[in-house]
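Next come the chains, spelled out residue by residue.
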Amino acid sequence: MKDIITLGIESSCDETSVSVVKNGREVLSNIIDTQIAIHEKYGGVVPEIASRNHIEAISRVTKKAIEEANITFDDIDVITPTYGPGLVGALLVGLSYGKALSFALNKPFVGVNHIEGHIAANYITYKQLKPPFLCLLISGGNTQLVHVKDYTDFEILGKTRDDAIGEAFDKIARVVGLGYPGGPKVDKLAKEGNPSYELPKTHFDNLDFSFSGIKTAVINLNHNTPNINKADLCASFQKTVTEVLIENTLEALKQINLDTIVLGGGVSSNSYIREQFLKLEKQGIKIYTPDIKLCTDNAAMIASAGYYNFISGKTDDLSLNAIPNLKLN
Ligand code: KG4
């Protein structure tokens, strides 16, 4: 069978990334131009600034991705930009660039759901991994349990009713004075602490999550406790949210009668969460955690998801618009 070369484009938030991937699994290049330093001083991503920086970066990043993959534009079989969810102005940069390339090169074009990309990061990390499996998606914009029935067939079994878990990490980092981006900083500080603070867990009678209660409890504790031990607070937060993630994930796994859990999204790079999930292997459960470099936003995962959409017969026309609140399925 002929190889299929996918050009993935990702610009949904503050990373401009372009990647060349062969047959959905082999990364020939994955260039990531991050804007973290630009947004750091504002304590979070400023949408307008993100869009402007994507515009400045996109051609340069694409050129670098093509060069590093050692191909020409002619070798590309399909162009696959993210079209949602994300910041609308930011999404429009990558999407419009992808459309323009598709038109100029006369190559097919498939819009990719960013959430599918986070799942597909695992197909790059684990060449043998195939659906079906249960995916726990934990990122800055999403927290959901997804039954991945096939490469393009998903059922959401549970989701957050308020904050995404990454938002909670970022908020807590800000409150305790660690700055942006918060998740990795909480992860690092928690290593120096003990989970000595009692924090509330929210459970529902289904598989949904809620992180606003624990977030408020951490904020109040930080505010009302003189000389609070910030490392202990971060460790307590991490331990409590991880327990909730594991409880719901195990229940979901039982409901769909599978034995494989796959993590995805930026928060799946958290060292404590990974460690606790990997402990479940002792119970005979297979655990897959994506390569750390592929956990946060990157175009390789988008190219991989784009490949699976393309070979399942999906193509889009140039009227495809960005959808900031795009859902799975
Ligand atoms: O997947 P991602 O890059 O963006 C979305 O697609 O939403 O995830 C970004 C989120 C941010 O909230 C960031 O703080 C969090 O992932 N994050 C982490 C860690 N690394 C990134 N959260 C906890 N621990 C980490 N090590």
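Quick caveat, the model's predicted, so the values are computed rather than measured.

J.: Explanation requested: the nonpolar core in the structure shown.
T.: Side chains of nonpolar character tend, in soluble globular proteins, to be buried together. Counting residues in each nonpolar core, the largest one holds 41 residues, and the members touching the most others are Phe-237, Leu-245 and Phe-277. Listed by contribution, the elements that provide at least two residues to this core are β6 (133-138), α5 (165-175), α6 (182-190), α7 (212-224), α8 (230-256), β9 (260-264) and α9 (271-278). Here this core gets 12 residues from one element, more than from any other, and that element is α8. With sequence-adjacent residues up to four places away left out, Phe-277 is seen in contact with Leu-136, Leu-245, Ile-246, Thr-249, Ile-261, Leu-263 and Ile-287. The next biggest cluster of nonpolar side chains, apart from the first, holds 29 residues, and it includes Ile-124, Val-262, Ala-300 and Tyr-307.

J.: Sorry, what's going on with the pattern of salt bridges here?
T.: A side chain with one charge can pair with a side chain of the opposite charge if their charged atoms come near. Tallying each qualifying case throughout the model produces 18 salt bridges. Of the charged contacts, one joins Glu-155 and Lys-149 as a salt bridge, the two residues approaching to 3.2 Å between their closest N and O atoms. We note a salt bridge from Lys-239 to Glu-243, for which the minimum N-O separation is 2.8 Å. Taken together, the residues Lys-239 and Glu-243, both in helix α8 and 4 residues apart, mark about one turn of the helix.

J.: How should the site of the ligand be read in this particular structure?
T.: Looking at the ligand, there are 19 residues lining it, with His-114, Gly-140, Gly-141, Asp-170 and Gly-266 nearest. The contact in question runs from an oxygen atom of the ligand to an N or O atom on the backbone of Gly-141, over 2.9 Å. In this structure, Gly-183 approaches the ligand through a main-chain N or O atom, which is 3.0 Å from an oxygen atom. Sorting the residues of the shell around the ligand by element identifies α4 (114-125), α5 and α6 as the ones contributing at least two each.

J.: It is not clear to me how the pairing of strand β3 (residues 26-34) should be interpreted in this structure. Could you clarify?
T.: If a strand is regular, its side chains alternate between the two faces of the sheet. When strand β2 (residues 15-22) meets β3, the two strands line up antiparallel, connected through 8 bridges. Bridged to Glu-15 within β3 is Thr-34.

J.: Help me out: how do you make sense of the sheet that holds strand β7 (residues 143-150) in this one?
T.: Within the open sheet, the 5 strands sit side by side as β8-β7-β6-β9-β10. Their pairing is mixed. Sheet topology places β8 (153-159) and β10 (286-288) at the edges, where each strand pairs with a single neighbour. Pairwise comparison of adjacent strand axes, ignoring direction, gives a mean angle of 25° for this sheet. As paired elements, β7 and β8 share 6 bridges and run antiparallel to each other. Bridge pairing in β8 links Val-148 to Phe-154. Along the sheet, α8 contacts β6, β7, β8 and β9; its crossing angle with β6, the most-contacted strand, is approximately 155°.

J.: Looking at this structure, I do not really get the domain arrangement of the protein. What am I missing?
T.: How big an interface is tends to be stated in terms of the accessible area lost upon association of its parts. Along its sequence, the protein is organised into domain 1 (5-118 + 295-311) and domain 2 (131-291). Summed over both sides, the interface of domain 1 with domain 2 buries roughly 1,300 Å², with 65% coming from carbon and sulfur. Looking only at domain 1, the three residues that lose the most surface to domain 2 are Ile-115, His-118 and Cys-295, adding up to 44% of its buried area. Summed over the shared surface of domain 1 and domain 2, the result is 1 salt bridge. Here Glu-40 and Lys-185 are joined by a salt bridge, their closest N and O atoms 3.8 Å apart. Taken together, the residues of the side of domain 1 that touches domain 2 sort by class into 6 nonpolar, 6 polar and 4 charged.

Rules used throughout
Residues numbered from 1 in each chain as written. Predicted model: local features only at pLDDT ≥ 70, side-chain atom pairs only at ≥ 80, totals over all residues. Heavy atoms only, no water. Core = buried A, V, L, I, M, F, W, Y, C linked by side-chain atoms within 4.5 Å. Buried < 20%, exposed > 50% of the residue type's maximum accessible area, 1.4 Å probe, protein only. Helix = DSSP H or I, 4+ residues; strand = E, 2+ residues; numbered from the N terminus. Contact = heavy atoms within 4.5 Å. Salt bridge = Lys/Arg side-chain N within 4 Å of Asp/Glu carboxyl O. Near = heavy atom within 4 Å. Polar contact = N/O pair within 3.5 Å; in protein donor to acceptor, adjacent residues only side chain to side chain. Pairing = 2+ DSSP bridges. Axes fitted to C-alpha atoms, helices over the stretch in contact; angles between N-to-C directions. Domains from an automatic or database assignment. Buried area = accessible area lost by both parts, 1.4 Å probe. Nonpolar A, V, L, I, M, F, W, Y, C, P; charged D, E, K, R; others polar.

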